[in-house]
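Structural description and commentary
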Amino acid sequence: MSVTSPNGSAEAASRALWASTVAFTASFAVWTIFAIIGIGIRDELDLSETQFGLLVGTPILSGSLSRLFLGMWSDRYGGRKIFAALMFISAAATFALIWADSYPKMLLAGLVVGLAGGTFSVGVPYVSRFFSPERQGTALGIFGAGNVGAAVTKFLAPFVMVAMGWRGVAEVWAIGLALTAVVFLLVTKDEPADTARPPEAFLDQFKVLVHAQVWRFSLYYFFVFGGFVALALWLPHYLVSTYGLSLASAGMLAAFYSVPASLFRIYGGVLSDRYGARAVLYWTFAVGVVATFMLSYPPTTYIIEGIREPIRFSTSMGLAPFLVIMFVLGFFMSLGKAAVYKHVPVYYPHEVGAVGGLVGMIGGLGGFLLPVAFGVLEDLTGVRTACFALLFLVAVASLIWMHVSVLSLNREKAQPEALAAAPARPLGDARSAVAAPDERSTPEQAAQKEQEARDPHLLTDWRPEDTEFWESTGRAIARRNLWISTYCLALAFAVWQLWSIVAAWLPAAGFNFTSNQLFWLAAAPGISGATLRIFYSFLVPVFGGRLWTALSTGLLLIPAFGLGYAVQNPETPYLIFLALALLCGFGGGNFASSVSNISFFFPRKEKGRALAINSGIGNIGVSVMQMVVPIVISMGIFGYLSGSPQTTPDGATVWLQNAGFFWVPLIAAGVIAAWFGMDDIASAKASFTEQMIIFRNLHTWVMCWLYTGTFGTFIGMSAAFPLLTRLVFPQADALHYAFVGPLVGALSRAFSGGLSDRLGGERVSFWVFVSMTVFTLLLIWGLSIESFTIFFSMTLLLFFASGVGNASTFQMVPGIIARVIDAQTPHATVEERRHQAEFESAAITGFISAIAAYGGFYIPKAFGTSIAVTGSADAALYGFAAFFITCALATWYFYTGPRGLFRTTEPRA
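Read on for an overview of the structure. (Residues numbered from 1 in each chain as written. Predicted model: local features only at pLDDT ≥ 70, side-chain atom pairs only at ≥ 80, totals over all residues. Heavy atoms only, no water.)

1. Some details on unusual backbone geometry
Although it is not a glycine, E786 adopts a positive phi angle of roughly 55°. For E786, the position within the fold is in the loop between helix 35 (761–784) and helix 36 (788–824). Overall, the relative accessible area of 66% leaves E786 in the exposed class. (Helix = DSSP H or I, 4+ residues; strand = E, 2+ residues; numbered from the N terminus. Buried < 20%, exposed > 50% of the residue type's maximum accessible area, 1.4 Å probe, protein only.)

Here's what the structure looks like:
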């Protein structure tokens, strides 16, 4: 192996590599010591599963959080000294465990013991500087094989624990680590200095962490390393609990995972050097998805109603196949660990400490968070294989993000003319963000990109503002994408608000839930959908509208199927219903990405109408659902395939499962239409970092407040109205016409865009908030006199006003951003300012829709809490009226008043 610095030698490099590997092995053995002694501590202190998970994860937490700073300090002060210091400190803390006699003291000692795990981020830059880039993958693979320290602990600690107790293990491991630190100092030398550039200030080292690629690598390492540490800690407990093994046997058999997950990291480095880290990671995640899926399937008993008698059979995974799959999983995770750290010095040769520290920190946090999550999931679900189900989700997310990023890079390479023609997005002033490239060019990437064929769904020449292009080509393409997007969005809204109807039917189907629990089911999709919107609003420029529309629509199948199965058994736990309600939030997230995607297709003169159609007709999905579900649950439209019906207290027969199953074929059709009928725009690409510029704009947050007043009211009342009506006016059969309110709101939004164009969205918004305040107060009056007519009429007027306000607030955004950019970038060209305004408007539109969607949570929850505490909905309604008043005042102060933006600036020509 060649040395990178003339100050070093092959002998010094070899000593540094092998001594560091041994030191890291000893450190890792101490870092994972709680996997064995934790079982003795659990029995001594009588800990719960969650407490046990926290105990074994505490050292992982401190070792992970320290990695970022330790890596930076290694770059700055030298890895050898810091490596040795960490070993001495960890050894002292491990020895101090023998005096800990309570759970808090154990946790405190564990935090210091965890510093042993931080040695990895010190060792990576230390070892890498001794070797040339073409050999760093192998060298770091050898060093990373020190993970085998976990297997050392599993093999030896149980026997020491039997002979000396768990405190004896702590004594022996502490002494061994201290002796290893002494030997390490005696046989190693300081690493060769990096003379390529002077050392950076400490705070400057954080700049590289804005790259999206760094966080993507971190997710990879969260799975391959965090998952490894988590399973290394969890497997002895899992084997004892699931297969009834002794602690000694469980510790030894757990090595079927720990050993291949450690030693084969060396081979992973060799493969990464030879074939490329990307190919290795593809295999790692693909096998990880299959293996964790197989491991996550719990032991299950099936009962088939046979002709003569029920036929029973069970499926479960025996110990032998379990160990084989764990060996395979460990093998590929070891390859993946080496592949991730092959990337780091190649892409970031001068920031190995900072980048390697962050990647290691996130991976290490996985080792802390995952065991805690395993314990919590086991306590909540009672299913031991839930830990593997969680790892399955992480593996799927890693594989999808990597593949999408690779496709994005290939599109950029295949279409250089599109990228060259697109105006530079950052304008180079105080408002602009520094573009963070997702990948740095390497020969491997260049060769890979050249092999990619042209994507027929990628629009490289897209000029909607060019009248001739728009009339001859653009309009037809844009309209096709609009109508497919609108159809998918309508389905998303339908699934998002399913529980607004299903929750009202659950008592009749035999489910004994309280009114507050039912309001929680109606509100839960609101909070999860709103949270997902925050992320969805930035994903179209990153992944492309076509792929993201197809994927996000396909995710709706999960809650649709889940609801259909869960409602068939009155014994289904409430926790399952709450989880399914949260999963319906997938539908709520789609709105942010949908409006962001469609805004790129249309010229400014047609953008408002297109967004109104997409949003307004998409909103109709709520009213369609509330109209269709009462019909489809009254008939067995799927026959025996949908299961048995339920009988209500009044003797009626309902198929409540059809509320979920009905949407499955429609969702499948939407996925197919999106994948084969939609397109991506090559110039509408941006990293997360570039889009973060919107958070520095005050108007982003003002519009979040205003749009919450309009759309939050629409979606919140849509979720709450059926259940509220059934509780407040039980004599009224509101479930059969609950769809009218959302329909009115959706139609008023779709057809009121022209009003905002003529009068100005800011003026319309002001009077919308004034009218909503009046309607809310009249609604309170209607409840006080128990008049269903006034209650229903005022609710419809609230829906109507909220729909008009939805259109008017969206219409305000492009005008606000155009004025702000004109004022702050006067020296930019007209085309640059136009492009920047469109880019920021799309991002802001998506983001404010995310924040406003929380109305789908707080309005139903406010009603539920108000009724539970005071016995009426008045308190919640008074709160809403006060909120509408603040919206009117904000609109006047910032936009329509004497000092408002629309009064002090001229509109762009």
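Right, picking up where we left off after that structure.
2. Thoughts on a nonpolar patch on the surface
Nonpolar side chains collect at one region of the surface, where F88, V182, V183, L185, L186 and V187 lie side by side and expose about 490 Å² of accessible area between them. Per element, the largest residue contribution to the nonpolar patch is 5 residues, and it comes from helix 8 (residues 149–187). Looking at where L185 falls in the secondary structure, it is placed in helix 8. Under the relative-accessibility criterion, L185 is labelled partly exposed at 31%. (Patch = residues over 30% accessible without salt bridge, like charges linked within 9 Å, V, L, I, M, F, W, Y side chains within 5 Å. Areas by Shrake-Rupley, 256 points an atom, 1.4 Å probe, with all protein chains shown as cover. Salt bridge = Lys/Arg side-chain N within 4 Å of Asp/Glu carboxyl O.)

3. Re the packing of helix 22 (residues 515–536) against helix 26 (residues 574–583)
Taken N-terminus to C-terminus, the directions of helix 22 and helix 26 make an angle of 30°; their axes are 7 Å apart at the nearest point. In this structure, helix 22 crosses over helix 26, and the sense of that crossing is right-handed. Along its contact with helix 22, which presents Q517, W520, L521, A524, P525, I527 and S528, the element helix 26 presents Y574, F577, L578, A581 and L582. Grouping the amino acids of the contact of helix 22 with helix 26 by side-chain chemistry returns 10 nonpolar, 2 polar and no charged. (Axes fitted to C-alpha atoms, helices over the stretch in contact; angles between N-to-C directions. Left-handed = near helix turned anticlockwise from the far one by under 90°. Contact = heavy atoms within 4.5 Å. Nonpolar A, V, L, I, M, F, W, Y, C, P; charged D, E, K, R; others polar.)

4. Brief notes about helix 22
Because each turn of an α-helix spans 3.6 residues, side chains separated by three or four positions in sequence point in the same direction. Taking 1.5 Å as the rise per residue, helix 22 with 22 residues should run 32 Å; its terminal C-alpha atoms sit 32 Å apart, in good agreement. Along helix 22, the sharpest change in direction is near 35° and occurs at A523; proline P525 comes one to four residues later. (Expected span 1.5 Å × (residues − 1). Bend = angle between axes of the 7 residues up to and from the residue.)

5. Description of the packing of aromatic side chains
Scanning the model with the defined rule gives 30 aromatic pairs in all. With a centroid separation of 5.8 Å and 70° between ring planes, the pair formed by F95 and W99 is classed as edge-to-face. For F95, a relative accessible area of 30% translates into the label partly exposed. Summarising the aromatic geometry, the rings of Y893 and F894 are spaced 5.0 Å apart at their centres and angled 90° between planes, so their arrangement reads as edge-to-face. Classification of Y893 as partly exposed rests on a relative accessible area of 44%. A relative accessible area of 23% places F894 in the partly exposed class. Through a chain of ring-to-ring contacts, the aromatic side chains of F24, F28, Y221 and F225 assemble into a single cluster. (Phe/Tyr/Trp six-rings, centres within 6.5 Å; stacked < 30°, edge-to-face > 60°.)

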